[in-house]
Amino acid sequence: MKDIYFRLLKYLKPYVKYFVLALFFMCLVSAIMVAIPWTLKVLIDSALIKKNAFILNILALSMIGLYIIKGILSFCQNYLMIYITNSVISDIREQFFTHMQLMPLEFFKKHSTGELMSRLTNDTFILQQVFSTGLVSLVLDTLTLIGVVCFIFYIDWKLTMATIFILPLAFLAVQKFGRRLKSVSYRIQERSADVFAVLQEILSSIKIVHGFATYEKESERFKKINRESVKAVLKAGRLNSIYTPVMELLGAMGIAAVFWYGGYRVINGHMTIGDLMAFIGYIGIITTPVRRMGSNLGNIQQAMAAAHRIFSVLDIEPSIKDKEDAIEIQEIKGMIEFENVWFKYPDDEEYILKGLSFRIMPGQVFAIVGPSGAGKTTIIDLIMRFYDPQSGSIKIDGYDVRDLSMRSLRRHLGLVPQDIILFNTTISENISYGKNDATTEDIIWAAKISNAHDFIDKMEKGYDTVLGERGVRFSGGERQRISIARAVIKNPKIFLLDEATSNLDASSESQFQEALKRVLKGRTTIIVAHRLSTVIFADKILYLENGKIVEEGTHSELMSKENGKYRMLFELQTKENMFASL
Ligand SMILES: Nc1ncnc2c1ncn2[C@@H]1O[C@H](COP(=O)(O)OP(=O)(O)OP(=O)(O)O)[C@@H](O)[C@H]1O
């Protein structure tokens, strides 16, 4: 827990001068708070008992003055604290976001989107709330408490000692509640993260839910998780509700004791009436802070739990990162080599790629075909360095990809992934996503090559059409063409097309292939395809099965193999196409 406090303090470093100023204002505010009951003593002993109207007037005016000054100081201190906490929280959020983006893909398999969203929004919100209000009142209350204790000791130490006897009881109760509240609040956060996760999953799969008409099943699932969350909130509510009356009782006991014992001390001449009234005034102004300190401590515990959850994500070291002396590769020729590559996914037992070796010379087009699950996409992911192999090496122009900076490596790779992911911005922003300095001509060029220009041009807003906007619908093929244009515009030396044409119809595909052949000239290309007709022009075709290359050669070489796997698959697909066209 101490670590978390220190870590949070580190975030305060850039704002330390504002923090010191806010603390200074807080000290002044509590000094005024502490001065106010003292005026009661002067009022009774020096103005009322001695019937001194001048002192009475001065007291009335100074009371107004003190409250005006306190108001101004409270405003400054509050605003400064809001500024500091919001800046700190925004720094944490930005750090969290940047960190999350650098995480390898396996991280996102372990942490659901809902969970990460909850860390970034809910948890940082708790921190923000607690530190902008809870912390201020805790500091103010502590300072006021210290000031009050000094004053009441000065007034009558015996009465003070008698009063203080009650305080440890209150603190014990506060601590006990604080601990209970912390564990309950942790449970609330966990449950609300679960609700987030289920909601996010259902919303993003709504098509499937509709398609399979599983509304009731999903409603049940949501209801169950939602009720768990309500249960946790109710438990915290119960604790909070018990907390207030217990604290009130302790407060009342304190006041009764002061009245009783203080009254005797006045009767016996050890105190003036003004002393006793000021004393009671002091006890009055500290009962609220003492009570509030308990709930503020509880809130701070909640914030610590939130900070712990945020830091536990920030502490995860990316398993794939640049070496300290990573090479920034400027220009590449485009040679790709796999040397005895063995790879399995993290936490899996079975190897997906088993001693894979091949070499692609610059400018060559390689196709990787084979049954589903053979490991084709995995090969692409390893070249992109989304994962590292357990043994063997993957080289680009003779450099092991682990020695290159990921940014410079990926700058030369044009990936068209199997899952088409487009952003909810304009078509032109989607196409120019990887090239900040792209001109309108570049965007149109890339769209033309990818066979996307015609359908974009026909749209009312053309390249300014926003994806996902009301009324804007794109077919799978159209989305795929935008995704291809996004890779083409980078003008990469190496193209990695993972089922890039699977959503195109036969005529778009043949047009696209013609265009692609032009673009691919002079660039190394790997095409992963299920439809073998799309790769017959490749310089070499690798037939992958169960993580191993079982056949390789050109289309005609592979077709000449009697009972060859490639040949059998090709013939099967040709027959299927014939039937489909009947
Ligand atoms: N992130 C992952 N974690 C664990 N296993 C994975 C992961 N991604 C893929 N796999 C498994 O690795 C194997 C190879 O997957 P890969 O996607 O490379 O196959 P593929 O040949 O491209 O298949 P397809 O043609 O169906 O796309 C499959 O058994 C798959 O279930």
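About the thresholds
The residue count restarts for each chain, going from 1 along the sequence in the order it is written. Since the coordinates come from a predicted model, pLDDT governs what is reported: local features require at least 70, and pairs of side-chain atoms require 80 or more to be given and counted, while whole-chain, interface and lining totals use all residues. Strands here are runs of E lasting at least two residues and helices are runs of H or I lasting at least four, both read from the DSSP assignment and numbered beginning at the N terminus. Using C-alpha atoms as the atom set, the radius of gyration is obtained and then compared with a globule rule of 2.2 Å times the number of residues to the power 0.38. Think of it as a crowd count around each C-beta: if 20 or more other C-beta atoms lie within 10 Å the residue is buried, if 12 or fewer it is exposed, and in between it is partly exposed, with C-beta placed from the backbone throughout. Contact between residues is assigned whenever the C-beta positions, reconstructed from backbone atoms, fall within 7 Å. UniProt positions are given in the numbering used here, feature names are shortened, and annotations may be inferred rather than shown by experiment. For the domain bounds, the source is a domain assignment made automatically or taken from a database. The convention used is that axes are lines fitted to C-alpha atoms, helices contributing only their stretch in contact, and that angles between N-to-C directions extend from 0 to 180 degrees. Any angle from 65 to 115 degrees is called roughly perpendicular, while one under 35 is roughly parallel, one over 145 is roughly antiparallel, and all others are oblique. Crossings are assigned a handedness: left-handed for a near helix turned anticlockwise from the far helix by less than a right angle, right-handed for a clockwise turn. Amino acid classes used here: Ala, Val, Leu, Ile, Met, Phe, Trp, Tyr, Cys and Pro are nonpolar; Asp, Glu, Lys and Arg are charged; the rest, including Gly, are polar. pLDDT expresses, on a scale from 0 to 100, how confident the predictor is about each individual residue. Each residue gets a C-beta atom placed from its backbone. Should that atom fall within 6 Å of a molecule or strand, the residue is termed near it. Criterion used throughout: strands pair if DSSP finds at least two bridges between them. A set of buried Ala, Val, Leu, Ile, Met, Phe, Trp, Tyr and Cys residues, joined through C-beta atoms within 7 Å, is what we mean by a nonpolar core.

Helix and strand content of the protein chain: 19 helices and 10 strands. Its C-alpha radius of gyration of 36 Å places the protein chain more than 25% over the 25 Å reference for a compact globule of 582 residues. Its C-alpha atoms put the protein chain at 120 × 50 × 45 Å along the principal axes. By residue count, 31% of the 582 residues in the protein chain fall in the buried class. At a minimum sequence separation of 6, the contacts of the protein chain that also span at least 24 residues come to 79%.

A word on the UniProt feature "transmembrane region" (unreviewed entry) in the protein chain. The UniProt feature table records "transmembrane region" (unreviewed entry) at residues 20-40, 52-73, 135-155, 161-178, 242-261 and 267-286. As annotated, residues 52-73 comprises 95% helix and 0% strand, and the C-alpha atoms at either end are separated by 32 Å. Regarding residues 135-155, the helix share stands at 100% and the strand share at 0%, and the terminal C-alpha atoms are separated by 30 Å.

The next point concerns unusual backbone geometry. Located in the positive-phi region is Asp347, a residue other than glycine, with phi close to 75°. The topology assignment puts Asp347 in the loop between strand S1 (336-343) and strand S2 (353-360). Look at Asp397: it is not a glycine, yet its phi comes out positive at around 50°. In this fold, Asp397 is placed in the loop between strand S4 (391-396) and strand S5 (399-400).

When its domains are assigned, the protein chain resolves into domain 1 (2-314) and domain 2 (336-581). On a C-alpha basis, the centroid separation for the pair domain 1 and domain 2 is 56 Å.

Further remarks concern the packing of helix H2 (residues 16-48) against helix H3 (residues 53-102). Here H2 crosses H3 at 160°, and the two axes come no closer than 9 Å. By the angle class used here, H2 and H3 are roughly antiparallel. Seen along the crossing, H2 lies across H3 with a hand that is left-handed. Classifying every residue of the contact of H2 with H3 gives 26 nonpolar, 5 polar and 1 charged.

It is worth spelling out the confidence of the model for the protein chain at this point. For the protein chain, mean pLDDT is 85; residues scoring 70 or higher make up 93% of the total. Here the complex is predicted with pTM 0.71, and the ipTM for its interfaces comes to 0.96.

Surveying the vicinity of the ligand reveals the residues Lys109, Tyr345, Asp348, Ile352, Ser372, Gly373, Ala374, Gly375, Lys376, Thr377 and Thr378. It is helix H11 (residues 376-383) that contributes the most residues to the shell around the ligand, 3 residues altogether. Residue composition of the shell around the ligand, grouped by class: 3 nonpolar, 5 polar and 3 charged.

Next up on the list: the environment of Tyr67. Structurally, the position occupied by Tyr67 is in helix H3. For Tyr67, a count of 12 C-beta atoms within 10 Å corresponds to the exposed category. Placed 31 residues apart in sequence, Tyr67 and Ile36 show a C-alpha to C-alpha distance of 9.1 Å.

With that out of the way, let us pick up the pairing of strand S9 (residues 540-545). Along a regular strand, successive side chains alternate from one face of the sheet to the other. Among the 6 residues in S9, 5 count as buried, and that is most of the element. Here 4 bridges tie strand S3 (residues 365-369) to S9, and the two strands are oriented parallel to one another. Counted as the bridge partner of Ile368 is Leu542 from S9. Pairing between S9 and strand S10 (residues 548-553): 5 bridges, direction antiparallel. Looking at S10, one finds that Tyr543 is bridged to Glu551.

Right, let's talk about the nonpolar core for a bit. Soluble globular proteins tend to pack their nonpolar side chains together in the buried interior. Ranked by size, the top nonpolar core spans 59 residues in total, and within it Ala367, Ile368, Val369, Ala485, Leu496, Ile527 and Ile541 carry the most contacts. Residues in contact with Leu496, not counting those within four places in the same chain, are Ile380, Ile383, Leu413, Gly414, Leu415 and Ile526. Grouped together as the second largest cluster of nonpolar side chains are 43 residues, Val148, Ile152, Phe279 and Ala305 included.

Once that is clear, we can look at the sheet that holds S10. The strand order across the open sheet formed by 6 strands is S6-S7-S8-S3-S9-S10, and the pairing between neighbours is mixed. Pairing within the sheet leaves two strands with one partner each, and these edge strands are strand S6 (413-416) and S10. The sheet shows a mean angle of 15° between the axes of neighbouring strands, taken without regard to direction. Where strand S7 (residues 494-498) and strand S8 (residues 524-528) come together, 5 bridges link them in parallel fashion. Paired with Asp498 across the two strands is Val528, which belongs to S8.

We now examine the sheet that holds S4. In a beta sheet, neighbouring strands are held together by backbone hydrogen bonds and run either parallel or antiparallel to one another. Pairing within the open sheet is antiparallel, and its 4 strands lie in the order S2-S1-S4-S5. The open sheet has two edge strands with one neighbour each: S2 and S5. Of the pairings in the sheet, the one linking S1 to S4 comprises 5 bridges and is antiparallel in character. Residue pairing across strands places Trp342 opposite Ser391, the latter belonging to S4.

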